[in-house]
Structure formats: structure tokens, C-alpha cells
Amino acid sequence: MKFTLNSVSSLRGDINIPADKSLSHRAVMFNSIASGKAKISNFLMGEDCLSTIDVLSKLGVEIQVENNSVYTYGKGLESLNKPNDTLYVGNSGTTIRLMSGVLAGRKFKSILDGDSSIRKRPMKRIIDPLTMMGANISANNNNDNAPILFDGGTLTSLDYDLPVASAQLKSALILAGLRSNDGITIREKAVSRDHTERLLSAMGAKITINNLEIKVSSSDLFARDIIIPGDISSASFWLIAGAIHKNSDIYIRNVGINETRSRIISVLKRMGANMTFYNEVDYSGEPACDMNIKTSNLKGTTISGAEIPLLIDEIPIIALAAVSAEGETKIIDAKELRYKESDRISLTVNWMKSAGAQIQELDDGMIITGTGNLNGGTFSSHGDHRLAMTLGIASLISNNNITIDNAEASNVSYPSFWDTLKNLGE
Ligand code: S3P
């Protein structure tokens, strides 16, 4: 799908944000390996989360989808069955990495595979520690790329320093730890999103957390009804659209603000964003609130170190905010961005350069000098949902039309993105 969009004179409205992707994956996955029936309300019906449902169904879990709700009928941690087919995750890194932790050390063989982007993403980071725990796992390219084959083994202990601050890696090991004979201890390099720890603990898992150290021992899980709040990574497109557009006022409802996900708020505040927060509520241990964003005069900032994992998915859209901000924005320590659905450093730098932005590529990030000037052009999402949506927001402030190739990549996390874009603009 190819969209050609141009700038709008105002950006106004009151919107709901689709459900959190990370939480939707976890809610259905953890309830599928727990005992009992659960209702997951406001589930994200995006392609990635539907891949997780499909994989769990192929493993014999009974799952029903009705409107925006998902019902799971879990039969406990050891209840999964040998699948007849390859377990295909599509574009979903969260599915392949977290399911690796679920499938490691099972009595049956299974294979996880995905699309061409998934096949390029690093998997050694999960395969190595799961193998150290006793699982038999093999994969392409020296055990670094999907397809990944799981073939038995017995899960024992692990004492391990995670080499990257990755919630997907951490979660895979925690899930395997639930079935390990002796329990595991892992230490994070920096705090990454903690949805797994929160939700599994609420479902009865034995998890203790001491700063960056997490201990998990063999546990039973009990199903739990969950209501999923809106995804702050999806809301960020509108937060930045509202901040950089000359005539905007957007009210965004029900956005998850777990502090391991919401560093974008502090970054936007220090850049000078005109934001207000309302109606804080708690959804099954995850806080959420409404947000209002209006036209702002942004200033550049530096984003580095421990901040990076707390806003990793927002960096492509932050780069767009930086183009509109006064002065320089420096994003460093973000090499992980090269291993996402695409190499988000080089692709962001490339399209922005061709659109006339002043941007310099670094090995681990980028430096942007704000000029407020963005020309149009034709750019591809390269199949990356967050790049497709960043290009959509760029069209709202660009001097000429922007044509986005492969715009439908947004369906992975935000199927209604283009409708919302159309409704907000005038
Ligand atoms: C996710 C974790 C992040 C993030 C991804 C979703 C998750 O990846 O980029 O979109 O749901 O755990 P890493 O933690 O591996 O960096």
C-alpha cells in the first residue's frame, strides 16, 4: 500500500490509543500457560499479537477471540502439546523471543520461524543462556538466526549477567526459570520494561527483584483477568505530532505509563512540550492516564545511557521531534536500534537526509540539528511499522507531499493509525 499525504492546517481531536502490544502478548501467553480461565479485555488485535495467539493455539491452547476480548483456557505450565507445524511468528520479535523461553526444555520438538526481518534478528542472545540452562536448541548462522529448533533438554539453574538491556531476553529467561529445577538468577545491565515481572508475580510466580537482580524459581501460574491500557509507544506518535505541529490540541485517552516505558514523557518535558496529564488509573498493576498535548516550542536534548531502554521504540519519532526542535539533539548508546524490525538508525538517518534534515549517523545513534525544515519525497517503511508511522507524522509538517511505500507495515502494532491521522487533520 502506498499513501501520499500532505501537511494539514490543524491537528485536533480526542482519541483512544490501541492497547499495549507488550502487555497484550504477555497477557495471552502467560494465561495460556497458567491454570484456569481468563478474560483479557482491550487486547491489541494487531498482526504481532495475533501471531502470538496463533502460536499458542498450535501448541494446543484453547483461545477464543471475541471483539476486543480474548478468552484463554489454560491448563498449566506443563500442558502444551507438540505442534504439527512450524510455529510462525510473522514480524513479531516479542513472540519469537518470549516463546523461546516457553518452549525451551519441553519434551517435544518445535520450530519457531518468522518473516525475512525476523530471520535477520539476533537470537544467540536468548539461545546461549537457554542452552546454559540445559535446553537443546539449534538455529541458523551459528545459532543466531531463525528458524530456531527446540529439541528437549532439562532446565536447571542459571546465574547470568544479561549482555544487553533487553526485556525480550529477560522475559525469555524468566519464563524458562519458572520451569527450572533449581531456579535462576539474572542481572540486567540497565532497567528494561518490567511487564513480565509485574504480571507473572500477580499470577503467582516466585520472582524476587533486587535492583537489577532478578531471581525466579519453579512456580505454578494461576490465570488472571486483565484489562490492557493503551500503548505509550503508539501514543508517542501523537504526542510528537501535537508538539511539532503549528496548530494542534490533541487529547489522548488511557495511555499506559509504567515507569519502565514512559521515559518519552520526561524527554518531551525537558524539550519543552506543552503537555498535561489527567485521570490516572491502575489496570491490573499497570498505571495509565489521559494526556493532552498542544503546539510546543521544542529544544534539543541529549538522550543516552540508562534512558535508552526506557524509550527504545520511540527513537524514530523522537528523531522527527528533533528536526523541529531548536538546537542539537544527540541520541547515543542506542546501538540496539540497529537490531529491531529494521536497522532503525541507518533507515531513519537516510530518509531524513533525503528530506533535507541535518542529521548525522553515529554507530550507536544520531545527531540532529533542528531546522524545522522537512521536504517531501517518496520513502519506504522497509516493512517497519514504526518507520511507516513516523513518515505519516512527518507528512503533517513537511513542505511538500510525502509518499510512503509499504505503509501497511503499521498493522503490526497500530491497525487504525491512518484513520486516526485522517480524522485529526484538517
Ligand atoms: C519488547 C521489548 C523491546 C521493544 C519491543 C517489545 C517487549 O525489545 O523494542 O518492541 O515486549 O518485551 P528489547 O527489550 O528486546 O529491546
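What comes next is a walk through the structure.

About the cut-offs
Residues numbered from 1 in each chain as written. Predicted model: local features only at pLDDT ≥ 70, side-chain atom pairs only at ≥ 80, totals over all residues. Heavy atoms only, no water. Axes fitted to C-alpha atoms, helices over the stretch in contact; angles between N-to-C directions. Helix = DSSP H or I, 4+ residues; strand = E, 2+ residues; numbered from the N terminus. Parallel < 35°, antiparallel > 145°, perpendicular 65-115°, else oblique. Left-handed = near helix turned anticlockwise from the far one by under 90°. Contact = heavy atoms within 4.5 Å. Near = heavy atom within 4 Å. Polar contact = N/O pair within 3.5 Å; in protein donor to acceptor, adjacent residues only side chain to side chain. Areas by Shrake-Rupley, 256 points an atom, 1.4 Å probe, with all protein chains shown as cover. Nonpolar A, V, L, I, M, F, W, Y, C, P; charged D, E, K, R; others polar. Domains from an automatic or database assignment. Buried < 20%, exposed > 50% of the residue type's maximum accessible area, 1.4 Å probe, protein only. Pairing = 2+ DSSP bridges.

1. Regarding the packing of helix H1 (residues 21-32) against helix H3 (residues 93-103)
- The N-to-C vectors of H1 and H3 enclose an angle of 30°; their axes lie 11 Å apart at closest approach. Between H1 and H3, the interaxial angle falls into the category roughly parallel. When the axes of H1 and H3 are compared, the crossing they make is right-handed. Only Thr94, Thr95, Leu98, Met99 and Val102 of H3 make contact with H1, whose side of the interface consists of Lys21, His25, Arg26 and Met29.

2. A few points about the site of the ligand
- Looking at the ligand, the residues that line it are Ser22, Arg26, Thr94, Ser166, Ala167, Gln168, Arg193, Ile312, Asp313 and Lys340.
- Ser166 has a polar side-chain atom sitting 2.7 Å from an oxygen atom of the ligand.
- Here Gln168 contributes a backbone N or O atom positioned 3.4 Å from an oxygen atom of the ligand.
- In the complex, 96% of the free accessible area of the ligand, which totals 380 Å², lies under the protein chains.
- Of all the secondary structure elements, the ones that give two or more residues to the shell around the ligand are H1 and helix H6 (167-177).
- A breakdown of the residues in the shell around the ligand according to their chemical character gives 2 nonpolar, 4 polar and 4 charged.
- In terms of domain composition, the shell around the ligand takes at least three residues from each of domain 1 (2-19 + 229-424) and domain 2 (21-218).

3. Some points on the pairing of strand S21 (residues 365-370)
- Within S21, 5 of the 6 residues are buried, which leaves it mostly tucked inside the rest of the structure.
- Looking at chain direction, strand S19 (residues 327-331) and S21 are connected through 5 bridges and run antiparallel. Bridging from a neighbouring strand, Glu328 pairs with Thr369 of S21.
- Pairing of strand S20 (residues 358-362) with S21, which is carried by 5 bridges, proceeds in the antiparallel orientation. Along S21, the bridge assignment pairs Gln358 with Thr369.
- Counting the residues between successive antiparallel strands, the hairpin from S20 to S21 contains 2 residues.

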